[in-house]
Structure formats: C-alpha cells, structure tokens
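As a plain string of letters, each chain reads:
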Amino acid sequence: QAHLVESGGGLVQPGGSLRLSCSASGEAFNFYGLAWFRQAPVRDREGVSCIAILERDDITWYTDSVKGRFTISIDITRTMVYLEMNNLKPEDTATYYCAVDLDWRTLACTAQGTGRSSEYHYWGQGTQVTVSS
C-alpha cells in the first residue's frame, strides 16, 4: 500500500518555528508534485504550499498568508518533502496534511496554487500544529 506520513507537528508558541516532514513510500514514492493542506475547525481545507517537479525548474507556491514565513523543500531522493514554518501565528493552528500527485502529464501544482484536491492521489493522516501561548 502507498503511504504518506506527516510528522513534526506539535505545540509551539507564537513566533516559534516547526518543520513538518512528509515521507512517501510504496506507490506514493514516484510523485511529481506534493502539496501541503491544512484543516482548521469550522473552516474549509486550505492549500498552504506545493511543489511540482519539472524538467527545468521546480515550481513552488505559497498561499498569501504564509508567504515569507513558510518554505517548502524536497530532499535529494525526492521522496521526502519538508515545510519549514517560521514566525508561527495562532491562525496557523490546524491539522496539516500532505498529498502527492503521481500524474506527470498534468501537474496539479502551478504558480497559481495547489490545484484541485482530486488531482492528488494519496493523502497522509495529518499532523496537528497548535500555536498558542
């Protein structure tokens, strides 16, 4: 079975930092794009960041509320993706999910956003991020 496992969440004070990790295995290993989403109570699921693997340059995207604070990166094996979160705010509190796109023909992640949720083939179970004093 394909697996995506998020880790790195926890309780952090406002202004603090966390680094989330998303590890892919099985059928999820050969991904061409990966996105981070977050879900807070009584809120719609929101795309946070994504990365798409291109022949020339990779594409990265961030939602406006996290620009300048969050950074998405991928390791050398391209099987693990990180979300470095700095200067965290209470409104960042949510469950964070990673999702992978296995379709090289039509990449979900673009410079305009994550694309539709249906374009991602596998999802992790989420990791909780709580920003509170």
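Keep in mind that this is a model prediction, so the values were computed, not measured.

Q: Sorry, what's going on with the pairing of strand β5 (residues 46–52) here?
A: Looking along a regular strand, one sees side chains alternate from face to face of the sheet. A large share of β5 lies buried, amounting to six of its seven residues. Here six bridges tie strand β4 (residues 33–39) to β5, and the two strands are oriented antiparallel to one another. Across the sheet, the residue bridging to G33 is A52, located in β5. Sheet analysis places β5 next to strand β6 (residues 59–62), joined by four bridges and oriented antiparallel. By the bridge assignment for β6, A52 is matched with I59. Where β5 folds back on β6, the antiparallel hairpin that results is connected by six residues.

Q: How should the pattern of salt bridges be read in this particular structure?
A: Side-chain pairs of opposite charge can arise where the charged atoms are in close proximity. Enumeration over the complete set of coordinates arrives at five salt bridges. A salt bridge links E46 to R38; the nearest nitrogen and oxygen atoms lie 2.9 Å apart. Judged by relative accessible area, which is 28%, E46 ranks as partly exposed. Connected through shared salt-bridge partners, R38, E46, R69 and D92 make up one network.

Q: Please explain the nonpolar core as it appears in this structure.
A: General note: in soluble globular proteins, nonpolar side chains tend to be found buried as a group. The biggest cluster of nonpolar side chains holds 29 residues, and the ones touching the most others in it are L34, W36, F70, L83, M85 and Y96. If you list the elements that add at least two residues to this core, you get β3 (18–25), β4, β5, β7 (70–74), β8 (80–85), β9 (94–101) and β11 (127–131). When sequence neighbours within four positions are dropped, the list of residues in contact with L83 reads L18, R19, L20, W36, V48, S49, F70, T71, I72 and Y96. In terms of nonpolar packing, the next biggest core, distinct from the first, is built from ten residues, A52, W61, A99 and Y120 among them.

Conventions and cut-offs
- Residues numbered from 1 in each chain as written.
- Predicted model: local features only at pLDDT ≥ 70, side-chain atom pairs only at ≥ 80, totals over all residues.
- Heavy atoms only, no water.
- Buried < 20%, exposed > 50% of the residue type's maximum accessible area, 1.4 Å probe, protein only.
- Helix = DSSP H or I, 4+ residues; strand = E, 2+ residues; numbered from the N terminus.
- Pairing = 2+ DSSP bridges.
- Salt bridge = Lys/Arg side-chain N within 4 Å of Asp/Glu carboxyl O.
- Core = buried A, V, L, I, M, F, W, Y, C linked by side-chain atoms within 4.5 Å.
- Contact = heavy atoms within 4.5 Å.

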